Amino acid sequence: MTSPITPVLEVRDASKSFDGTEVLADVDLSVAPGSLFALLGASGSGKTTLLRAIAGFERLDHGEVLLGGHVVDGSGTFVSPERRRVGYVPQDGSLFPHLSVEANVLFGLPRSERSSAKAEELLTNVGLAGFG
């Protein structure tokens, strides 16, 4: 008999409301190690809220989030986002509006690597040459 596989991500009975409006209601999710999953739904259905709860940017009102079999939200436990090791890229642009495209591209690089040439190289790599 084989032992059961522990999900890498599990959400149990998750609920979340904002200002009295229920956004998540009794959500269950289980993702096996090495698998790929997609979260689909209509606008306003709670996809972003669920992802933010998994990453630790929102706390659930009820339920649990488990990563690698360990509770990271729920049952009196809350693990901060930086300790969860979950990558999160928001769907909206997170650029600094006061900086140029070039400055936004270079922002995350060490100062020693920041140059107009480096920005143009990186922009070229993603098909945005000339937009710096």
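Since the model is a prediction, treat every value here as computed from it, not as a measurement. Here the residue numbers are simple positions, counted from 1 along each chain's written sequence. Two thresholds apply to this predicted model, a pLDDT of at least 70 for residue-level local features and 80 or more for giving and counting side-chain atom pairs, whereas whole-chain, interface and lining totals are computed over all residues. Hydrogens and water molecules were not included; the side-chain quantities draw on all heavy atoms of the structure.

Some points on the overall build of the protein
Alright, step 1. Runs of H or I in DSSP of at least four residues are treated as helices and runs of E of at least two as strands, each being numbered from the N terminus. From N to C terminus, the protein includes 4 helices and 5 strands.
Alright, step 2. Counting from the amino terminus, the protein carries its helices and strands in the arrangement β-β-α-β-β-β-α-α-α.
Alright, step 3. Against the compact-globule benchmark of 14 Å for 132 residues, the protein has a radius of gyration of 19 Å, which places it well outside the compact range.
Alright, step 4. Dimensions of the protein, computed from C-alpha atoms along their principal axes, come out at roughly 55 × 45 × 30 Å.
Alright, step 5. We call a residue buried when its accessible area falls under 20% of the maximum for its residue type, exposed when it is over 50%, and partly exposed in between, using a 1.4 Å probe and counting protein chains only. Looking at the 132 residues of the protein, the share that counts as buried comes to 27%.
Alright, step 6. The long-range fraction of contacts in the protein, counting pairs at least 24 apart against all pairs at least 6 apart in sequence, stands at 43%.
Alright, step 7. Areas reported as accessible are Shrake-Rupley estimates using a 1.4 Å probe. Residue values count occlusion only from the protein chains shown. Approximately 9,100 Å² of the protein is accessible, and the part contributed by carbon and sulfur atoms is 55%.
Alright, step 8. Working convention for charge: Lys and Arg count positive, Asp and Glu count negative, and His plus the chain ends are omitted. Note on charges: their place is set at NZ of Lys, CZ of Arg, CG of Asp or CD of Glu. Each charge class in the protein was averaged separately, 11 positive and 16 negative side chains, and the resulting centres sit 7 Å apart. All radius of gyration figures rest on C-alpha atoms, and the globule criterion is 2.2 Å times the number of residues raised to 0.38. The contact criterion used is simple: two residues touch if any of their non-hydrogen atoms lie within 4.5 Å.

Quick notes on the sheet that holds strand β1 (residues 9–18)
Alright, step 1. Only when DSSP finds a minimum of two bridges between them are two strands counted as paired. A sheet is described by the order of its strands in space; here 5 strands give the open sequence β2-β1-β3-β4-β5, paired in antiparallel fashion. Taken across any chain shown, the strands that pair with only one partner, and hence form the sheet edges, are β2 (21–31) and β5 (77–78).
Alright, step 2. Both β1 and strand β3 (residues 62–67) contribute to a ladder of 5 bridges, which runs antiparallel. Bridge pairing in β3 links Ser 15 to His 62.

Details of the pairing of β3
Alright, step 1. The buried fraction of β3 is high, at 5 of 6 residues.
Alright, step 2. As consecutive antiparallel partners, β3 and strand β4 (residues 70–74) are separated by 2 residues, and within that stretch Gly 68 has a phi angle of approximately 60°, a positive value.

What about the environment of Pro 90?
Alright, step 1. Topologically, Pro 90 is positioned in the loop between α2 (81–84) and α3 (101–106).
Alright, step 2. A C-alpha to C-alpha distance of 25 Å links Pro 90 and Gly 69, two positions 21 residues apart in sequence.

So, the pattern of salt bridges
Alright, step 1. Whenever a carboxyl oxygen of Asp or Glu lies within 4 Å of a side-chain nitrogen of Lys or Arg, that contact is scored as a salt bridge. Summed over all chains, the structure comprises 5 salt bridges.
Alright, step 2. In this structure, the salt-bridge partner of Lys 118 is Glu 121, at a minimum N-O distance of 3.8 Å. A residue pair is termed a helical-turn pair when its members lie 3 or 4 positions apart in one helix, as Lys 118 and Glu 121 do in helix α4 (residues 116–125) at 3 residues.
Alright, step 3. Taken together, the shared-partner salt bridges in this structure form one network comprising Glu 10, Arg 12 and Glu 64.

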